[in-house]
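Observations on the model geometry
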Amino acid sequence: MVGEDAKNRTGPQLNDLFGRPAGSVEGYKYSKDMMRAASSGLIWDVEHIDMFIEKPKSLVFKTKMAFRGIKDPTERANLMAYLRQFSASPSDIPEAEPTLVARDPDIDPSILALEGDPEYGEYLSGECVTCHQIDGEDEGIPSITGWHIEDFVIALHAYKTGYRPHQVMETIAKRLSEEEIAGLAAYFTSK
Amino acid sequence: MKINRRGFIGTGAAFVAALSAPMVMASNRPKVVVIGGGAGGATAARYLAKDSKGALDVILIEPSKTYYTCFFSNLYIGGVRDFASIGHTYGKLASEYGINIVHDWAIGVDKDARTVSLAGGAQIPYDALVISPGIDFVEGSVAGWDLTSQNAMPHAYKAGSQTQLLKAQIEAMPDGGTFAMVAPPNPYRCPPGPYERVSMVAHLLKQINPTGKILIVDPKEKFSKQGLFEEGWNKHYAGMIERVGPDFGGANVEVRPDAMEIVIDGDVEKVDVCNVIPAQKAGNIAQIAGITNDAGWAPVTAHDMKSKMDNNIYVLGDSSAQGDMPKSGFSANSQAKVCSMAIRAALTGSKAFPAKFSNTCWSLIDTDDGVKVGASYEATDEKIAKTSGFVSKTGEDAAQRKQNYEESVGWYEGIVADMFG
Ligand SMILES: Cc1cc2nc3c(=O)[nH]c(=O)nc-3n(C[C@H](O)[C@H](O)[C@H](O)COP(=O)(O)OP(=O)(O)OC[C@H]3O[C@@H](n4cnc5c(N)ncnc54)[C@H](O)[C@@H]3O)c2cc1C
């Protein structure tokens, strides 16, 4: 909810969202993964809000909401323009045309279209499964099995560009090539 | 009856003939022998068996029936984990992966005949040999200490009964008594290990013996994550921990296990518990195999972890001299996967991919106060070379530190599943 008497419901209230650290609304019980993203330093600035509402999974693995995202940039811009009315410091949204919001990482459609080699992915996965368990157990460290290929690629790409903060994952993702990310996505999606 | 028996004998012979075909094929499979079922060896055996899908005959030689991880053994000392939770067995490696587990010591390697001899008397032939025996101690590196003193002054640097002994001694310390640690010189397994241990001992003492003292005698100028540990010690255990570095005689130490004394630069200190972590070298079997250098470690090429001294031997983990990676369970596990991919490619013609390595070491300073350091590495012709890395920062907020700890718990579950199935 948003507005003067907004309360936390399925999601937290959204007043003063712009510039707010993730996971910081009092009294709302966030998902484990949202809290992980929060303690890694996720801040709801305009770019991150935009990315999140486009594809929540690109920033946070699992949230409390069943929401797959909004593809259309205009629709997202409108939603943000609406939400910013309830923020005291709505950061750097361009005044008139909220459609011009920069989005990073801007994933080239050709990257999403890359066909991954699952055999290569299986070899590379050795590096992942030291921490992420192949049976999908997620205590302390999120599960990465059975994802949509596209979500997987977007998430790794967001670490690779440093957009999604996490020391270990940035270090790992930084040196993965696009083919390698595609291979990993192809391998883990079938697990 | 007669006919039956004859018939039986007859079909029996046919059976043998029929069976012997797959049997011969089975024993013709290339044989890979792995010495040591720890972070490096167990991972290598599992990946060799799993990824070759039966094309390799994998034999793992490990004397212990239960492997106690050194990782998280400090948390057991601190009372954060129980002992059973750090013990793991080899059952699944045998039943689910078809690995032949031989509980015995390797005592010799004949590089020309390509056989390993076991303490029990057997000779095991190999096409490729993986050696991952962890560390042994350099004799005479701490004056006054040898393996016969390990009851009076435990090292607890191979996990198991030594770890239990050290914890029991700390718990029995008189009120206000002193726990001393003789820290090792570089290089040694788990660079932050001694300092995480100090943190966990302090954590335990704070609860059961709050006036107890901790004395670290250290031959090194600096140590891993020093700023983070010192900040944490000040915050959680103010006044409890003292460290004597080389500038005050930390490198000039003698211990007297009978008298429970340590002599630092000529000054005698009476202590109640003394944890001696001596200087280290590759596990003895590496030296016996003749693949170690003057410093006592086994040099390997970075692309495949192959010994620089022998074409059929590969060395993993703590024993290897590979370049920039710290001696950690994470590193050994990471190297094992590169190595098993290379061995499969050599023996079965499977695809070889470029080597990639990584490591992250988490350390727990106090409840929910975890820190981490990590890096990724690549193979160059010269060594395993660091490409980029990170380390936790001082002054981080509590949420980040708690997340680090929770991550380490997830990592522990992940790596033991990756080793033991
Ligand atoms: C207190 C402490 C804390 C640590 N914490 C961490 C941590 O948090 N994270 C981390 O990544 N690492 C940690 N480590 C380091 C880690 O335990 C080692 O780096 C890792 O175990 C090395 O793997 P390895 O395969 O080389 O040797 P090991 O895991 O020691 O395995 C060697 C195996 O070989 C067997 N063996 C030896 N000789 C023979 C022989 N002749 N024949 C047959 N078998 C033999 C041994 O019984 C043993 O099971 C810690 C270490 C210590 C001491």
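Structure shown above.
Predicted model, so just to flag it, every value in this text is computed and none were measured. (Residues numbered from 1 in each chain as written. Chains lettered and ligands numbered in written order. Predicted model: local features only at pLDDT ≥ 70, side-chain atom pairs only at ≥ 80, totals over all residues. Heavy atoms only, no water.)

Below, the discussion takes up the overall build of chain B. In terms of regular secondary structure, chain B is built from 10 helices and 24 strands. Computed over the C-alpha atoms, the radius of gyration of chain B is 24 Å, within 12% of the 22 Å expected from 2.2 N^0.38 for a compact globule of 421 residues. Taken over the C-alpha atoms alone, chain B extends approximately 85 × 50 × 40 Å along its principal axes. The 421 residues of chain B split such that 56% are buried. Nonlocal contacts in chain B, meaning residues at least 24 apart in sequence, comprise 66% of its contacts between residues at least 6 apart. Carbon and sulfur atoms make up 53% of the accessible area of chain B, which totals about 17200 Å². In chain B, 40 side chains carry a positive charge and 45 a negative one; their mean positions are 10 Å apart. (Helix = DSSP H or I, 4+ residues; strand = E, 2+ residues; numbered from the N terminus. Rg over C-alpha atoms; globule rule 2.2 N^0.38 Å. Buried < 20%, exposed > 50% of the residue type's maximum accessible area, 1.4 Å probe, protein only. Contact = heavy atoms within 4.5 Å. Areas by Shrake-Rupley, 256 points an atom, 1.4 Å probe, with all protein chains shown as cover. Lys, Arg positive; Asp, Glu negative; His and termini not counted. Charge placed at Lys NZ, Arg CZ, Asp CG, Glu CD.)

Glancing now at the sheet that holds strand 9 (residues 128-131) of chain B. Residue and element names in this part refer to chain B. With respect to topology, 5 strands assemble into an open sheet ordered 5-2-1-9-20, the strand pairing being parallel. Unpaired on one side and paired on the other, strand 5 (100-102) and strand 20 (313-315) mark the two borders of the sheet. For this sheet, the mean angle separating the axes of adjacent strands, direction not counted, is 20 degrees. Relative to strand 5, strand 2 (residues 57-61) runs parallel, the two being bridged by 3 bridges. Looking at the pairing, Ile 59 lines up with Asn 100 of strand 5. Sheet strands in contact with helix 2 (residues 39-52) are strand 1 (31-35), strand 2 and strand 9, and its direction is about 165 degrees off that of strand 2. Against the sheet, helix 9 (residues 329-348) makes contact with strand 1, strand 9 and strand 20, and its axis sits at roughly 170 degrees relative to strand 9, the strand it touches most. (Pairing = 2+ DSSP bridges. Axes fitted to C-alpha atoms, helices over the stretch in contact; angles between N-to-C directions.)

With that out of the way, let us pick up the pairing of strand 9 of chain B. All names here are of chain B. Neither face of strand 9 is open: one carries Ala 128 and Val 130, the other Leu 129 and Ile 131, and all of them are buried. Two elements, strand 1 and strand 9, share 4 bridges in a ladder whose sense is parallel. Considered in strand 9, the bridge of Val 34 is made with Val 130. Looking at chain direction, strand 9 and strand 20 are connected through 3 bridges and run parallel. Looking across to strand 20, one finds that Val 130 is bridged to Tyr 314.

What follows concerns the site of the ligand. All names here are of chain B. In the vicinity of the ligand, 34 residues are found, and the nearest of them are Glu 62, Tyr 67, Ser 132, Arg 189 and Asp 318. Separating an oxygen atom of the ligand from a backbone N or O atom of Gly 134 is a distance of 3.5 Å. About the coverage of the ligand: the protein hides 94% of its 1000 Å² of free accessible area. Where the shell around the ligand is concerned, the elements lending two or more residues are helix 2, helix 3 (73-78) and helix 9. Looking at the shell around the ligand, the element that brings in the most residues is helix 9, giving 3 residues. Residue composition of the shell around the ligand, grouped by class: 17 nonpolar, 11 polar and 6 charged. (Near = heavy atom within 4 Å. Polar contact = N/O pair within 3.5 Å; in protein donor to acceptor, adjacent residues only side chain to side chain. Nonpolar A, V, L, I, M, F, W, Y, C, P; charged D, E, K, R; others polar.)

Counted under the stated rule, the structure contains 30 salt bridges over all chains. The structure contains a network of salt bridges with shared partners spanning Glu 231, Asp 369, Glu 396 and Arg 401 of chain B. (Salt bridge = Lys/Arg side-chain N within 4 Å of Asp/Glu carboxyl O.)

Time to look at the pairing of strand 17 (residues 273-276) of chain B. All names here are of chain B. Side chains Val 273 and Asn 275 of strand 17 all project onto a buried face; the interleaved residues Cys 274 and Val 276 project onto the opposite face, where all are buried too. As defined by bridge partners, strand 11 (residues 178-182) adjoins strand 17 across 4 bridges and the pair is classed as parallel. Looking at the pairing, Val 182 lines up with Val 276 of strand 17.

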